[in-house]
Amino acid sequence: MNWLVDFFGNRANWSGSGGIPIRLLEHVEFSLAALLLAMVIAIPLGLLIGHTRRGAVLVVVTANAARALPTLGLVVLIVLLAGVGTTWPVLLPLVALAIPPILVNTYEGIRGVDEDLRDAAYGMGLRGRQVLLRVLVPVALPLILLGLRIAAIQVVATATVAAYVGLGGLGRYIIDGLATKDFPSTIGGAVLVAALALVVQLAFSLLQRVLVSPGVSRRARVR
């Protein structure tokens, strides 16, 4: 507890380019950029495969392969190939980490919609894209948001690897603290990362309440 007081009570840690507000902003920027890139790739692919029910093997293979990637090892490899100076050595591994939960949950959410709902939508004269966007996506939204929440939390927790290649973020406190045996800084950085992950968890819980209709939420709880 004294170490936390030493870290958070130190005014020097709240100002300058290495202060908590700047490091927090950097961490959020890395995480948000990686999550958005993963969403652009994984959500359309999951919707397409789930709706057409073609390419399910691709979902499984891609998810398992991405989960097996060592994030830190991939960061080091990209730095060796591309060099330091850009955020890509960090973004690419984080995107690879975020894609599997988004892709799998989007696919499973669309695939798991009741056949009766699909048939009723087609019976009303809706076409393929209309059925997907107006019927399947709203019903599958809780599972899709779950995948986004899992991915976001994983990305926030793993974005600390940015410090290994000289970039910013909350990982600087952890990595630099370990290197200099500054344990208040190390523990303070870990607490900040954990707190940010909890904020992300809360944000997605609130987002689900706003976006998901009460009927779909009750149906999901019954399941």
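Parameters and conventions
Residues numbered from 1 in each chain as written. Predicted model: local features only at pLDDT ≥ 70, side-chain atom pairs only at ≥ 80, totals over all residues. Heavy atoms only, no water. Helix = DSSP H or I, 4+ residues; strand = E, 2+ residues; numbered from the N terminus. Buried < 20%, exposed > 50% of the residue type's maximum accessible area, 1.4 Å probe, protein only. Areas by Shrake-Rupley, 256 points an atom, 1.4 Å probe, with all protein chains shown as cover. UniProt positions renumbered as here; feature names shortened; annotations may be inferred. Core = buried A, V, L, I, M, F, W, Y, C linked by side-chain atoms within 4.5 Å. Contact = heavy atoms within 4.5 Å. Axes fitted to C-alpha atoms, helices over the stretch in contact; angles between N-to-C directions. Parallel < 35°, antiparallel > 145°, perpendicular 65-115°, else oblique. Left-handed = near helix turned anticlockwise from the far one by under 90°. Salt bridge = Lys/Arg side-chain N within 4 Å of Asp/Glu carboxyl O. Expected span 1.5 Å × (residues − 1). Bend = angle between axes of the 7 residues up to and from the residue. Phe/Tyr/Trp six-rings, centres within 6.5 Å; stacked < 30°, edge-to-face > 60°. Patch = residues over 30% accessible without salt bridge, like charges linked within 9 Å, V, L, I, M, F, W, Y side chains within 5 Å. Nonpolar A, V, L, I, M, F, W, Y, C, P; charged D, E, K, R; others polar.

## Let's talk about the overall build of the protein chain
Part 1: Looking only at helices and strands, one finds ten helices and zero strands in the protein chain.
Part 2: Sequence-ordered secondary structure for the protein chain, helices as α and strands as β, is α-α-α-α-α-α-α-α-α-α.
Part 3: Taking all 223 residues of the protein chain together, the buried fraction comes to 43%.
Part 4: Carbon and sulfur atoms provide 67% of the accessible area of the protein chain, an area that totals close to 12100 Å².

## Concerning the UniProt feature "transmembrane region" (unreviewed entry) in the protein chain
Part 1: Sequence positions flagged by UniProt for "transmembrane region" (unreviewed entry) are, in local numbering, residues 30–49, 56–84, 131–150, 156–175 and 187–207.
Part 2: Each end of residues 131–150 is marked by a C-alpha atom, and these two atoms are 27 Å apart; helix forms 100% of the span and strand 0%.
Part 3: Between the C-alpha atoms that bound residues 187–207 there is a distance of 30 Å. The span itself is 100% helix and 0% strand.

## Some remarks on the nonpolar core
Side chains that are nonpolar tend, in soluble globular proteins, to be buried together.
Part 1: In terms of nonpolar packing, the biggest core is built from 54 residues, with Leu47, Ile102, Ile110, Leu136 and Leu148 touching the most fellow members.
Part 2: Sorting the residues of this core by element identifies α2 (20–52), α3 (56–67), α5 (88–111), α7 (128–158), α8 (171–180) and α9 (183–211) as the ones contributing at least two each.
Part 3: A total of 14 residues in this core trace back to one element, the largest contributor, which is α7.
Part 4: Setting aside residues up to four positions removed in sequence, Leu47 forms contacts with Thr106, Ile110, Leu132, Val137 and Ile144.

## Focus on the packing of α8 against α9
Part 1: Their axes nearest at 7 Å, the elements α8 and α9 cross at an angle of 160°. Comparing the axis directions of α8 and α9 gives the class roughly antiparallel. For the pair α8 and α9, the crossing hand works out as left-handed. Of α9, the residues touching α8 (which contributes Tyr173, Ile174, Gly177 and Leu178) are Ser185, Thr186, Gly189, Ala190, Leu192 and Val193.

## Description of the pattern of salt bridges
Part 1: For the coordinates displayed, the defined rule picks out four salt bridges.
Part 2: A salt bridge links Glu26 to Arg23; its shortest N-O distance comes to 3.0 Å. Here Glu26 pairs with Arg23, and both are found in helix α2, just three residues apart, close to one helical turn. Of the two residues, Glu26 and Arg23, both sit in the buried class.
Part 3: Between Glu108 and Arg111 there is a salt bridge whose closest N-O contact spans 2.7 Å. Taken as a pair, Glu108 and Arg111 lie in helix α5 at a separation of three residues, close to a single helical turn.
Part 4: Assessed through its relative accessible area of 38%, Arg111 is described here as partly exposed.

## Overview of α7
Part 1: Helix length check: α7 (31 residues) gives 38 Å between terminal C-alpha atoms against 45 Å at 1.5 Å per residue, more than 12% under.
Part 2: At Leu141, α7 shows its largest kink, close to 60°, and the proline Pro142 lies no more than four residues downstream.

## Section: the packing of aromatic side chains
Part 1: Inspection of every chain in the model, using the stated rule, returns three aromatic pairs.
Part 2: Centre to centre, the rings of Phe7 and Phe8 are 4.9 Å apart; their planes meet at 85°, and the pair counts as edge-to-face.
Part 3: A relative accessible area of 2% places Phe7 in the buried class.
Part 4: With 6.4 Å between their ring centres and 45° between their planes, Phe8 and Trp14 make a pair best called tilted.
Part 5: We classify Phe8 as partly exposed; its relative accessible area is 26%.
Part 6: Grouping aromatic residues by their ring pairs yields a cluster made of Phe7, Phe8, Trp14 and Tyr173.

## Re a nonpolar patch on the surface
Part 1: Together, Leu24, Val28, Leu32 and Leu36 give the surface a local cluster of nonpolar side chains, amounting to about 310 Å² of exposed area.
Part 2: With respect to the secondary-structure elements, Leu32 resides in helix α2.

## Considerations on the packing of α7 against α9
Part 1: Packing of α7 against α9 leaves a shortest axis separation of 9 Å and a crossing angle of 165°. The pairing of α7 with α9 is recorded here as roughly antiparallel in orientation. As α7 runs across α9, the sense of the crossing is right-handed. Contacts between α7 and α9 involve Leu141, Pro142, Leu145, Leu148, Arg149, Ala152, Ile153, Val156 and Ala157 from the first element and Val193, Leu196, Ala197, Val200, Gln201, Phe204, Ser205, Leu207, Gln208 and Leu211 from the second.
Part 2: Residues belonging to the contact of α7 with α9 are distributed by class as follows: 15 nonpolar, three polar and one charged.

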